[in-house]
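A look at the structure
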Amino acid sequence: MTDTIIAQSTPSGQSALALLRISGTLCPKIAAEALALPYPTPRTSYLRDYLDGESHEMLDQVLVVFFAEGNSFTGEPTLEISCHGNDLIVSKIIQDLIRRGCRIAFPGEFSKRAFLSGRIDLTQAESIAELISAKSEAELKIARFNLKGMLSRRFADLQDAILDLQAKLEASIDFPEDDIDEEKKDSLHLLLNSILTEINRMISSSTKKTTLSNALKVVLIGSPNAGKSTLFNGMLGQHRAIVSDSPGTTRDYISKELTIGEFRVELIDCAGIRKAETDTERLGVDMALELLDEASIILFVIDRSVPYPKELNEMVIDRLRDKNVILIENKADLPPDPSSRDNPDIEDNITLCAHDQSDLSRLFDQVLNLLSKIYPDDPSKDLIVNERHSALLKYAADHIVEALQRLSSSDGNEFVLQELNLSREYLDEIIGIKTNEDVLDKLFGQFCIGK
Ligand SMILES: Nc1nc2c(ncn2[C@@H]2O[C@H](COP(=O)(O)OP(=O)(O)OP(=O)(O)O)[C@@H](O)[C@H]2O)c(=O)[nH]1
Ligand SMILES: [Mg+2]
């Protein structure tokens, strides 16, 4: 018999409500004794007084739902108790539950039990953690898809394809007299190659995941006084960076996260680029130039009402090659300087006034457009694997490659089969059909308490 575990599923602190989750065989007894619910109808909420087991004092008025064995998240009898969100109340109830025989759950223990009872597979368990930690719409979408088991289905399809192939090979081992002819061999090659392509495609999707989980850097760079900090504040909708009409105002770079469409973006404002007048300014300029390497998009800002500073060409333009750049010709509300035709020729450009709201929204559209071009995949159409999956997929792919080589050589088909078995074992490990305790502990240990 496993322990009955208890955890607070909501964050601690003062709030309207706090949710306590209890899972294990003691739940019916607790319902009967602490909540006067000897025969709770599953999945029905009851308003009850929670009674302390020793003092019989009422600890709080709570809302409680009972889930029967086989019909709960963990598969075990479960109680969910919503009490008032006060740490004192929560701690009193938890102390009472411990006296009644429960113990505090380890991080991720509810999900681990759900996995062990076969209610979810490992990729679904991971997607719960991903759903909770997702910081962008795109990440949320992926986690939702994985939770529904869409990713597991892909892995299962791969398994089926390999099993199919194995069946064909087995037949030729059982009946060696009809040794597989060249034509059959070719078709096996084709099948194996298509499996390998699918595995490799999945592996490469994990890099997409990295771009989705990390904010994409959008860097504002340009001549001093061009209006970078004004644009930074305007795009954020808050006064964050100092704006002043003396050139060289911004030294250190400032960054702030925002969402543009589905993308999580880190907008960065940095020092204006010029031959620096002081050491501190030089440090700021160097830092700004370094940021260009990491930028997904560079917003190159110039002031079109003054002559184009030629030194920008030698200091910046070279570094913009092969980058995603939008040229912003700012201060459109002022008359343009006649020499503005010297401005660099950058295809993706926009003329605007940093103080104008509708201009800012045009800029947002243009940035979103470029982001969608750089990261064209709609994540809802594709499923994305995480690092654990991709590491195991790589091993699976290695064995498929080995199987292909064995198939071409004169080695017996048993060797090909052996490689395919090994490949399938790694796929099993992804879904969690084959696991070891260490892996599970590590994986679920990263979850938070109460999950
Ligand atoms: N007329 C007009 N003035 C602007 C516009 N954008 C910015 N300014 C002004 O230009 C001056 C410089 O603006 P900042 O945003 O500090 O420029 P910056 O590029 O951050 O300058 P540094 O930090 O020194 O590199 C300020 O006086 C702003 O009010 C604009 O679109 N039109
Ligand atoms: Mg500035």
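This is a predicted model, so every value here is computed, not measured.

As paired elements, strand E3 (residues 45-51) and strand E4 (residues 58-67) share 7 bridges and run antiparallel to each other. Opposite Tyr46, over in E4, you have Val64 as the bridge partner. Following E3, the chain reverses through 6 residues before pairing antiparallel with E4; His56 in that reversal takes a positive phi of roughly 60°. Bridging between E4 and strand E5 (residues 78-85) involves 5 bridges; their strand directions are antiparallel. Counterpart to Leu63 in the pairing with E5 is Ser82.

To continue, consider the sheet that holds strand E11 (residues 325-330). Across the sheet, 6 strands lie side by side as E8-E9-E7-E10-E11-E12; this open sheet has mixed pairing. Whereas interior strands pair on both sides, the edge strands pair on one side only; in this sheet they are strand E8 (254-260) and strand E12 (349-351). Taken over all neighbouring pairs, the strand axes of this sheet differ in orientation by 25° on average, direction set aside. This element, helix H9 (residues 279-294), spans strand E7 (216-222), strand E9 (263-269) and strand E10 (297-303) of the sheet and lies at about 140° to E7. Packing against the sheet, helix H11 (residues 357-374) makes contact with E7, E8, E9, E10, E11 and E12, and its axis sits at approximately 80° to E8.

For the rest of this paragraph, the subject is the pairing of E5. Taken together, the 8 bridges between strand E2 (residues 15-23) and E5 define a ladder with antiparallel strand orientation. Residue pairing for E5: Arg21 is matched across the bridge by Glu80.

With that out of the way, let us pick up the domain arrangement of the chain. Under the domain assignment used here, the chain contains domain 1 (5-114), domain 2 (151-210 + 387-432) and domain 3 (216-374). A straight line from the C-alpha centre of domain 2 to that of domain 3 covers 50 Å.

Neighbouring ligand 1 are 23 residues, the closest being Gly227, Ser229, Thr230, Thr250 and Gly272. Considering every element that reaches the shell around ligand 1, the biggest residue donor is helix H8 (residues 228-236), with 3 residues. Tallied by class, the residues present in the shell around ligand 1 amount to 8 nonpolar, 11 polar and 4 charged.

So, about unusual backbone geometry. If a residue is not glycine, its phi is most likely negative; likewise, a peptide bond is most likely trans. The phi dihedral of Ala36 is positive, around 50°, even though this residue is not glycine. Backbone geometry places Asn225, a non-glycine residue, at a positive phi of 70°. Here Asn225 lies in the loop between E7 and H8. The buried category is assigned to Asn225, around which 23 C-beta atoms lie within 10 Å.

Within the fold, Ile268 resides in strand E9. C-alpha of Ile268 to C-alpha of Gln418: the two residues are 150 residues apart in sequence and 53 Å apart in space. If we skip the residues at most four places from it in the chain, Ile268 touches Lys217, Val218, Val219, Leu220, Tyr253, Ser255 and Leu291.

In this section: the packing of helix H12 (residues 387-408) against helix H13 (residues 413-431). Packed helices, taken two at a time, are described by their axes: the angle between them and the distance between them. Relative to each other, H12 and H13 sit at 170°, their axes nearing to 8 Å. The angle between the axes of H12 and H13 places the two elements in the roughly antiparallel class. For the pair H12 and H13, contact is made by His389, Leu392, Tyr395, Ala396, His399, Ile400, Glu402, Ala403, Arg406 and Leu407 and by Phe415, Val416, Glu419, Leu420, Leu422, Ser423, Tyr426, Leu427, Glu429 and Ile430, respectively. Here the residues of the contact of H12 with H13 are counted per class, giving 13 nonpolar, 3 polar and 4 charged.

Attention now moves to helix H1 (residues 27-35). Three or more residues of H1 are buried, namely Cys27, Ile30, Ala31 and Ala34. With its buried residues spanning 105° around the axis, H1 presents them on a single face. On its buried face, H1 is in contact with E2, E3, E4, E5 and helix H2 (87-99). Within two residues after H1, Ala36 carries a phi angle of roughly 50°, on the positive side.

On to the sheet that holds E3. Hydrogen bonding along the main chain pairs the strands of a sheet, whether they run parallel or antiparallel. The sheet built from 6 strands is open, its strands ordered E3-E4-E5-E2-E1-E6 with mixed pairing. Looking along the sheet, the strands with just one partner apiece sit at the ends: E3 and strand E6 (103-104). As judged from the 4 bridges shared by strand E1 (residues 5-8) and E2, these two strands associate in the antiparallel manner. Residue Ile5 lies in a different strand from E2, and its bridge partner there is Ser23. With respect to the sheet, H2 is in contact with E1, E2, E3, E4, E5 and E6, its orientation differing from that of E4 by roughly 65°.

Rules and cut-offs
Residues numbered from 1 in each chain as written. Chains lettered and ligands numbered in written order. Predicted model: local features only at pLDDT ≥ 70, side-chain atom pairs only at ≥ 80, totals over all residues. Pairing = 2+ DSSP bridges. Helix = DSSP H or I, 4+ residues; strand = E, 2+ residues; numbered from the N terminus. Axes fitted to C-alpha atoms, helices over the stretch in contact; angles between N-to-C directions. Contact = placed C-beta atoms within 7 Å. Domains from an automatic or database assignment. Near = placed C-beta within 6 Å. Nonpolar A, V, L, I, M, F, W, Y, C, P; charged D, E, K, R; others polar. Buried ≥ 20, exposed ≤ 12 C-beta atoms within 10 Å, placed from the backbone. Parallel < 35°, antiparallel > 145°, perpendicular 65-115°, else oblique. Arc of directions from axis to C-beta.

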